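# Fold and contact review
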Protein chains: 2
Amino acid sequence: MVNFETSPEAYRHWKLDIEGQVATLSMDVQEDVTLNEGYKLKLNSYDLGVDIELADAVQRLRFEHPEVRVVVISSLKPRIFCAGANIYMLGTSSHAFKVNFCKFTNETRCAIEDATANSGQKYVAALNGTASGGGYELAIACEEIYLVDDGNSAISLPEVPLLGVLPGTGGLTRLVDKRKVRRDRADVFSTLAEGLKGKRAKEWGLIDEYFPTSKFQESVTARVQDIVEGNGRKKAERGIKLNPLQVEVTTDGREYKYVSVKLNREKRYADLTVRAPDANTPTAIEEIEKLGDTYWPLQAYRELDDALLHLRVNQLEIGLVCVRTEGSIESVLAVDKTLEANKDHWLVREVTLHMARVLRRLDLTAKSFFAMIEPGSCFAGNLLELALSADRTYMLNDPEAKVEMTTSELNKGALPMSNELTRLQSRFLANPEKADELFKHKGTLDTEEAEEAGLVTFAPDDLDWEDEIRVAIEERTSLSPDALTGMEASLRFAGQETLDTKIFGRLTAWQNWIFQRPNAVGPQGALTNYGKPTQSQFDYKRT
Amino acid sequence: MVNFETSPEAYRHWKLDIEGQVATLSMDVQEDVTLNEGYKLKLNSYDLGVDIELADAVQRLRFEHPEVRVVVISSLKPRIFCAGANIYMLGTSSHAFKVNFCKFTNETRCAIEDATANSGQKYVAALNGTASGGGYELAIACEEIYLVDDGNSAISLPEVPLLGVLPGTGGLTRLVDKRKVRRDRADVFSTLAEGLKGKRAKEWGLIDEYFPTSKFQESVTARVQDIVEGNGRKKAERGIKLNPLQVEVTTDGREYKYVSVKLNREKRYADLTVRAPDANTPTAIEEIEKLGDTYWPLQAYRELDDALLHLRVNQLEIGLVCVRTEGSIESVLAVDKTLEANKDHWLVREVTLHMARVLRRLDLTAKSFFAMIEPGSCFAGNLLELALSADRTYMLNDPEAKVEMTTSELNKGALPMSNELTRLQSRFLANPEKADELFKHKGTLDTEEAEEAGLVTFAPDDLDWEDEIRVAIEERTSLSPDALTGMEASLRFAGQETLDTKIFGRLTAWQNWIFQRPNAVGPQGALTNYGKPTQSQFDYKRT
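Residues numbered from 1 in each chain as written. Chains lettered and ligands numbered in written order. Predicted model: local features only at pLDDT ≥ 70, side-chain atom pairs only at ≥ 80, totals over all residues. Heavy atoms only, no water.

### Regarding the domain arrangement of chain A
Residue and element names in this part refer to chain A. We count it as follows: The split of the chain into domains comes from an automatic or database domain assignment. In what follows, a contact means two residues having at least one pair of non-hydrogen atoms within 4.5 Å. By definition, the buried area sums, over both parts, the 1.4 Å-probe accessible area that each loses when the two are put together. The rule for a salt bridge is simple: a side-chain nitrogen of Lys or Arg has to be within 4 Å of a carboxyl oxygen of Asp or Glu.
Parsing chain A into structural domains produces domain 1 (8-229) and domain 2 (248-484). Centre-to-centre separation of domain 1 and domain 2, based on C-alpha positions: 34 Å. On the domain 2 side, the residues contacting the 13 residues of domain 1 number 18 residues. Between domain 1 and domain 2, a total of about 1,400 Å² is buried, with carbon and sulfur atoms accounting for 55% of that surface. Contact with domain 2 buries surface across domain 1, with Phe63, Asn100 and Glu107 losing the most and accounting together for 37% of the total. Remark: the boundary between domain 1 and domain 2 carries five salt bridges.

Right, here's the structure in full:
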């Protein structure tokens, strides 16, 4: 069981220092502190445990230290920044673990870019030593990259030449699509095991600047100071504390305050329920600040995030998640109203950005999602996004019972997908006017109205409901899990592509393919034989 | 050895009828006429041989029958339109063959859409029987889809539920991105083995209309007549004949008139040379029409197309193609000038569109390409695109020798990539002004100027040239072919994504992954066990 919760006091691999508006996140990986057995985390290489700490730090900086404007990522190891994902860990991991590991590390890097773009926390990579593979991929997720010029330190993406796999944590995509490196240079760089040092690296746009060892620290500090000052003064906000989530774990599931996961292991599906807030959730910003991490939209979505990660990594055989909601639609809408009214307040902004990230995590989860809309459910506003994220929505059609859905202002753009469209835009590509109509609708939509509005896949009546749901679950969980993953990855992201969707679509899919190929993972494969006396041997057929 | 050349007289599986401005392409697959052994092409299912005929017909309609405005695709088999790619063929094919098969069929479907969009030949699918899997994918590549309502005929994408693979010939992408079907409905449809009949299919946007059997023929004919008339009168152009290519095949390569392929089998690379036209290529449209398929830009690119297909499918172990050109830059530029001056003439338009398709075939070929720019080469205008398509360009730096490159008007948009950008736009995403500068440059660029302009990866001098090229070739061909495929697919397509790039990137990559997964192709996999008494058994771990 992988645990995704941590906090700075418990970090083993990172050190977080904050001085005024500048945070420094220093990598100092303990080689013996590994998530699994069979490998050592030498040279600041990382495994999932290291990345869980990084993800925590990125998240925490936004909520606990909103005053921070620049985050410098550096290393405490001499002459080495980071050697990337640990190769022996990859070589000994199952296919499913490799894929989940890469997905999580990709999401962490996207969260870094999200913090830079939306939270005014700009990430700067201070490469005080060599950054190879995932090390450079971490750097390229930062907005600026500075490399020490010590005659030795280099940046590199040696995955293709040394390991027979891709720089799949966004590396290839960010090279040509974020830093817009010329494609032939990107080709050379990605096949050059030893990488490039300062001068050429700058010339090719792979880093922003290089400084000699004696001036490295001061030059980076000066640049950081420029950024801090260039952005104007920031209000001296006081952060809120992210306390550990309270969760009761049983063999059959996980019970949080607002979220519960019930596993139906033999049937390979789970019920995931999100509960609405109480009726009296505060509306004043001072009270919200006082509530801190117990404020419903923050607590519920943190719980949901944790539940999703557990389902992904610890419950591999669960192929289908039935998403349910419980509670008062009015209470959910009241929260959305408060979030919308205070959207310029830093904490509300962070809470909303977090909700958006969690929903994107759901979109990117390789399990089927069916939303179950029944009496007592509250698929409204932000929770409507759960239904819109789902592969299908089932809504009970029973005139005797009150079954409703509705939108809020939050469905208009505050919670974008990775393709930067709203879920309604992606859903209604053929008739964009349907989204407008929906927003013009007064009050909640009953089943008939919701169906007419295009929100419902199937609306069985009360006589058929149980049977139809049972059959739908059985059918879905009988299908090939791999085919479903590929199908959902294709159908969920209609419309434009972005850097993020290119990473999770094109790049990730190719990497997953390669992670299945004998040339990488077979007995003679490059990943399998890395660092061993045996040599990799390729089947040279091009596919 | 697969042969990609055919002509209507030789078709075994299709019948091409032309009546005025309407062509009918009728599928009538001969079940015993297969490309390989071990399967029968029942129910209008297809293998690569069937699709080579289709691709030929689509191409030929543009050149030989420019008067045609509507192409109706239908079937001569009762109650069945097309059952899709033959499953036993897929089940018994190697991974590399499956991937190449899908790539070719995808390119054929893109060519259908290209003909509709750019050649005024609108494709209409007249489904006079059930269209399943690749059958429906063929229909969805057409602009309009009509289904017979006979109580039995349906459209379906049964790949996921029956075979554990994807509708990977564009199916999933076209569902949500071309026809913009609501994602939950696309999900239901793609998991429903039996598919949908007329009424529901129309309601969900999967077809345009359905007609009862008794009225099917006349209704489709009426609709086709509407299209023909609606588009205004078309000039009664007379087409040109596409004669068989003349090629001398040896164990070491293929020799066409303007193209030659030299295989260096032990070293796993090939030299691909394209020769410039003669100095006196005509400039008057009447002379060009008389030349027909011997007009240089048509003949050279047809030869190049054939050479690329052979390299892909018949020379799997060739991992690298060194692209060379030979001849006079002036002659190439003269052709480009003629093409540009006559771009509104139907034949010139078709010739240019064809060049663009061949270059896209190159972009999508899973082999590395290095352009070798030496004295006597002519990487100018349309042939400059070969260098821009290449993963790297090597240009000799020898002040004693004349080594040059240059642009023409054709580099400004006539030969777009699948992402609808020019190759210069894709190359210079970081500084788009570099393309403008290039077009302002007077005369050809020597090595130094070309390097400065951003066209050259490496420019070794005459002392280093041979060694550097030799080492570059050796290094490239020593790398994992799979890692290179994934890398090139990521680096070649910087910038925006389109329907086409989504199909060749996201969808194809996921399909290739699934084509490696035991749940599809293992001894217990769904593809392997289809139609056998044995049952597929899945590993239900979700990845």
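### Looking at the side chain of Arg392(B)
What counts here: A run of DSSP states H or I qualifies as a helix once it reaches four residues; a run of E qualifies as a strand once it reaches two. Both are numbered from the N-terminal end. Residues adjacent in sequence count toward polar contacts only when both atoms are side-chain atoms; beyond that, a polar contact is any pair of N or O atoms within 3.5 Å, and within protein one must be able to donate a hydrogen and the other to accept it.
Within the secondary structure layout, Arg392(B) lies in strand E19 (residues 392-395). A polar atom in the side chain of Arg392(B) sits 3.0 Å from the side chain of Tyr394(B). When neighbours within four sequence positions are excluded, Arg392(B) is seen to be in contact with Asp184(A), Asp187(A), Val188(A), Thr191(A), Phe369(B), Phe370(B), Ala371(B), Thr457(B), Phe458(B) and Arg476(B).

### Some thoughts on the nonpolar core
Which entries qualify depends on this criterion: Here the nonpolar core consists of buried residues drawn from Ala, Val, Leu, Ile, Met, Phe, Trp, Tyr and Cys, with membership extended through side-chain atoms lying within 4.5 Å. Exposure classes here rest on a 1.4 Å probe applied to the protein chains alone. A residue is buried below 20% of its type maximum, exposed above 50%, and partly exposed in between.
Within the largest apolar cluster, 319 residues are counted, with the highest numbers of intra-cluster contacts made by Tyr136(A), Leu175(A), Tyr136(B) and Leu175(B). Those residues in contact with Tyr136(B) that lie beyond four places of it in its chain are Ala131(B), Ile145(B), Ile155(B), Ser156(B), Leu157(B), Leu175(B), Arg179(B), Phe189(B) and Leu206(B).

### Remarks on the relation of the copies chain B and chain A
To be explicit about the condition: Here the copies were fitted onto each other by least squares, based on C-alpha atoms from residues at pLDDT of at least 70 in both.
For the match of chain B to chain A, the screw axis carries a shift of 0.0 Å, the RMSD comes to 0.0 Å, and the turn is 180°. Viewed as a symmetry operation, the transformation between the two copies matches a two-fold axis. Looking at the interface residues of chain B, 99% of them are also at the interface in chain A, so both copies use one shared face.

### Concerning the interface of chain B and chain A
What counts here: Polarity classes work like this: nonpolar for Ala, Val, Leu, Ile, Met, Phe, Trp, Tyr, Cys and Pro, charged for Asp, Glu, Lys and Arg, and polar for all others, with Gly in that last group.
The partner chain A presents 86 residues to the 87 residues of chain B that form the contact. It is Arg183(B), Arg506(B) and Arg542(B) in chain B that bury the most area against chain A; as a group they hold 13% of the surface buried on that side. Between chain B and chain A we count 16 salt bridges in total. Between Asp187(A) and Arg476(B) there is a salt bridge, with its nearest N and O atoms 2.7 Å apart. Across the chain B-chain A interface, the total number found is 55 residue pairs in polar contact (both at pLDDT 80 or more). For the side of chain B that touches chain A, the residue count by class is 40 nonpolar, 23 polar and 24 charged.

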